[in-house]
Amino acid sequence: MARYIARRLLLAIPVLLGATFLIFAMVFALPGDPIRALGGDRPLAPAVQEQLREEYNLNDPLPVQYIKYVGGLVQGDFGRDFSGRPVSEIIQQRLPVTIKLALVALAFEAIFGLIAGILAGIRNKSFFDSLVLVSTTLIVSIPSFVLGFIAQYTFGLRLGLFPIAGLNDGLQSYLLPGFVLGALSLAYIARLTRTSLVENLRNDYVRTAKAKGLTPASVVGKHTLRNSLIPVVTYLGVDLGTLMSGAIITEGIFNLPGLGRAVFDAIASQEGAVVVGIVTLFVLVYILFNLLVDVLYAALDPRIRYE
Amino acid sequence: MTSLMTSPSGAPVGGVPLLEVDDLYVEFRTDYGVVHAVNGISYTLSAGETLAILGESGCGKSVSAQAIMGILDSPPGFVTGGEIRYKGSNLLTMSAKEQRDLRGEEISIVFQDALSSLNPVFSVGAQIGEMFRRHRGASRADAKKAAIELMERVRIPSAKERVNDYPHQFSGGMRQRVMIAMAIALDPAILIADEPTTALDVTVQAQIMDLLAELQKETGMGLILITHDLGVVGEIADRVAVMYAGRIVETGATDAVFSAPAMPYTEGLMASIARVDQKGQRLNPIVGAPPNLANLPSGCPFHPRCPRATDYCPTALPPLLEVVPGRYSACHYAEEVLRDH
């Protein structure tokens with residue numbers, strides 16, 4: 001197992017290099033001159049512009065820029081934005097917001113998705129089952145920015161239950177954006193749990209559990225659920241990675257100062273170092289959670305072993 | 001051996017047999033119509049006795065076992081008539097909790113395919129030990145200790161080291177031993193073995209049957225052996241009940257039935273076995289296929305495949321009647337059939 005994890009981590013290095021290069025090249029290819037745009041209506045003096053270009057290696061060809069950037073990364077230097085602020089500082093400041101948002105979303109989808117999925121699975125073909133089917137289909141078909149505005153309008157403005165935007169109310173501020181961010185996965189989890197449970201309830205070992213005199217709660221809650229939740233737990237793991245990187249739109253709608261907002265702003269002002277730094281972090285998170293899921297898979301299902 | 005006298009633990013409780021199945025009906029209500037899986041079967045089982053229920057796939061033998069265990073998939077399966085009495089009290093009218101308390105404790109079952117019948121994500125020790133935790137309130141440690149003892153009893157080598165292994169780490173024969181250990185954990189009065197050796201190699205089959213016979217001798221439990229393997233029946237069953245289309249069509253002491261069947265279907269089964277003294281000759285299968293249980297033939301359900309059928313057979317359903325003492329047959333011409341042997 002330790003060898004398996006080590007091998008996966010080694011494999012992550014080329015993936016990270018490839019990902020950073022692609023992002024780097026895309027920022028490089030963006031039209032417009034970020035340095036000239038810095039001054040807005042009153043352009044900076046040509047000498048200052050030239051000095052900035054030199055400082056940020058913008059006069060070098062793409063491969064050289066990239067190699068210099070990676071060289072800095074290896075020494076723990078994530079580069080700076082055009083105002084001279086280190087990217088590592090931006091990440092440090094913004095990361096907690098995004099993590100909190102992702103965790104609230106994860107809690108939402110795990111709790112409500114599982115409950116809905118389990119109830120629908122146990123009462124297969126009942127009214128509740130159909131209700132879950134219809135409502136999850138509805139959620140999946142609504143884009144998150146529409147859902148965001150609907151949530152802001154009804155729960156925030158009309159009912160006044162939750163803060164509409166910003167971070168002024170502590171954890172409360174995360175509830176509505178967390179729900180909007182997690183809604184899509186909530187629907188997937190409900191469906192996945194239901195299908196998996198219904199499928200597993202048909203298995204022979206369920207009959208064995210009944211024949212042992214176990215209560216229905218134990219037959220379903222222990223024997224069947226333990227098997228049914230394997231795909232769900234792995235989905236949740238991968239999804240946490242997706243939630244962190246997928247927060248760009250939600251953070252925008254709810255005006256949360258997280259990493260998603262930072263990337264969005266940085267793309268607009270062509271702050272290459274900021275975009276590449278944060279997106280690389282997303283890629284890293286994604287790789288790590290994927291590895292975590294694979295390890296978790298082996299822990300949950302004894303039939304799976306890594307050499 | 002007749003049913004009421006031969007239990008090692010003495011006479012049946014108050015003259016009542018351990019298990020009485022009385023005119024049991026089971027049907028499955030599917031989208032394609034009602035499937036009549038079990039149509040009025042009756043039999044009794046005493047302590048220490050082995051009753052074989054013999055029949056082709058789909059004749060209702062496993063369904064009747066699941067009805068006794070109370071583990072029919074319902075819906076679509078429903079018991080629509082009859083009684084199943086354990087020591088005189090009807091299982092079908094008991095509360096759900098009373099029924100659950102009997103399952104595993106008094107009546108146990110070993111299923112056909114041990115790999116799919118064991119839960120893949122729990123260790124075999126946990127699954128065997130669960131019997132003690134559920135019915136005896138044992139602690140985790142005690143349950144594990146008891147599981148190791150049981151694994152030794154069904155002769156799983158190095159039980160102590162293997163108690164934490166998972167089902168997929170065992171061979172087919174060993175897995176079936178785990179199933180048996182689980183079923184006999186609480187010394188049940190009745191063990192139902194539902195085709196316990198069908199999924200196994202021939203050599204392993206013999207070992208498992210020997211184990212079952214030996215355990216039965218030790219504990220004096222009543223054994224219901226559901227099978228389509230005539231060889232197995234001949235070796236260990238005291239009595240045999242032959243099922244066809246959800247009914248018992250012949251029953252009696254195994255030796256008597258095997259040497260002189262009183263029902264053409266049983267005759268056909270006997271004739272279809274490969275025998276050493278007929279080496280090189282063609283086997284004689286029963287022609288045709290088992291009937292569709294959703295749409296049974298009129299009269300005797302076996303008449304379309306029966307070499308002895310007459311014009312009378314499609315018109316009346318033959319009841320299960322005593323031909324000679326201790327022998328029952330559901331054939332209009334039972335005496336004639338019996339005389340021919």
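Residues numbered from 1 in each chain as written. Chains lettered and ligands numbered in written order. Predicted model: local features only at pLDDT ≥ 70, side-chain atom pairs only at ≥ 80, totals over all residues.

A word on the overall build of chain A. Of regular secondary structure, chain A possesses 13 helices and zero strands. The order of α-helices and β-strands along chain A, N terminus first, is α-α-α-α-α-α-α-α-α-α-α-α-α. If you line up chain A on its principal axes, its C-alpha atoms span 85 × 55 × 30 Å. In chain A, 73% of the contacts between residues at least 6 apart in sequence involve partners at least 24 apart. (Helix = DSSP H or I, 4+ residues; strand = E, 2+ residues; numbered from the N terminus. Contact = placed C-beta atoms within 7 Å.)

Residue and element names in this part refer to chain A. Domain assignment breaks chain A into domain 1 (2-74) and domain 2 (97-300). Summarising the inter-unit geometry, the C-alpha centres of domain 1 and domain 2 are found 33 Å apart. Taken together, the contact pairs 14 residues of domain 1 with 12 residues of domain 2. A per-class count over the side of domain 1 that touches domain 2 returns 11 nonpolar, two polar and one charged. (Domains from an automatic or database assignment. Nonpolar A, V, L, I, M, F, W, Y, C, P; charged D, E, K, R; others polar.)

A few words on the nonpolar core. Membership of the largest hydrophobic core comes to 161 residues, with the highest contact counts inside it found for Ile-128, Ala-181, Ile-190, Ile-192, Ile-224 and Val-242 of chain B. Considering every element that reaches this core, the biggest residue donor is helix 8 (residues 172-201) of chain A, with 12 residues. Aside from chain neighbours lying at most four places away, what touches Ala-181 of chain B is Ile-128, Leu-150, Met-151, Arg-153 and Val-154 of chain B. (Core = buried A, V, L, I, M, F, W, Y, C linked by C-beta atoms within 7 Å. Buried ≥ 20, exposed ≤ 12 C-beta atoms within 10 Å, placed from the backbone.)

Once that is clear, we can look at the packing of helix 1 (residues 2-29) of chain A against helix 13 (residues 272-300) of chain A. Residue and element names in this part refer to chain A. Across the interface, helix 1 lies against helix 13 with an axial gap of 9 Å and an inter-helix angle of 150°. The angle between the axes of helix 1 and helix 13 places the two elements in the roughly antiparallel class. Of the two elements, helix 1 crosses helix 13, and the hand of that crossing is right-handed. In this structure, helix 1 uses Ile-5, Arg-8, Ala-12, Val-15, Leu-16, Ala-19, Thr-20, Ile-23, Phe-24 and Val-27 to contact helix 13, whose residues at the interface are Gly-272, Val-275, Val-276, Val-279, Thr-280, Val-283, Leu-284, Ile-287, Leu-291 and Val-295. The class makeup of the residues in the contact of helix 1 with helix 13 is 16 nonpolar, three polar and one charged. (Axes fitted to C-alpha atoms, helices over the stretch in contact; angles between N-to-C directions. Parallel < 35°, antiparallel > 145°, perpendicular 65-115°, else oblique. Left-handed = near helix turned anticlockwise from the far one by under 90°.)

Most peptide bonds take the trans configuration, and most residues that are not glycine carry a negative phi. Residue and element names in this part refer to chain B. A positive phi angle, near 55°, is found at Asp-23, a position not held by glycine. Take Asp-23: it is sitting in strand 1 (residues 19-30). With a phi close to 50°, Asp-187 is a non-glycine residue in the positive phi region. Examined against the element boundaries, Asp-187 turns out to sit in the loop between helix 7 (172-184) and strand 7 (190-194).

The two faces of the sheet receive side chains in turn, since in a regular strand these alternate between them. Residues and elements named next belong to chain B. Burial of the side chains of strand 6 (residues 107-110) extends over both faces: Ile-107 and Ile-109 are buried on one face and Ser-108 and Val-110 on the other. For strand 6 and strand 7, the ladder comprises four bridges, and the chain directions are parallel. When the sheet's bridge partners are listed, Ile-109 is paired in strand 7 with Ile-192. (Pairing = 2+ DSSP bridges.)

Across the contact, 22 residues belong to chain B and 17 residues belong to chain A. Among the elements of the structure, helix 2 (96-102), helix 3 (114-117) and helix 4 (124-136) of chain B are those that each provide at least two residues to the side of chain B that touches chain A. Of all the elements, helix 4 of chain B adds the most residues to the side of chain B that touches chain A, at four residues. Counted by class, the side of chain B that touches chain A contains nine nonpolar, six polar and seven charged residues.

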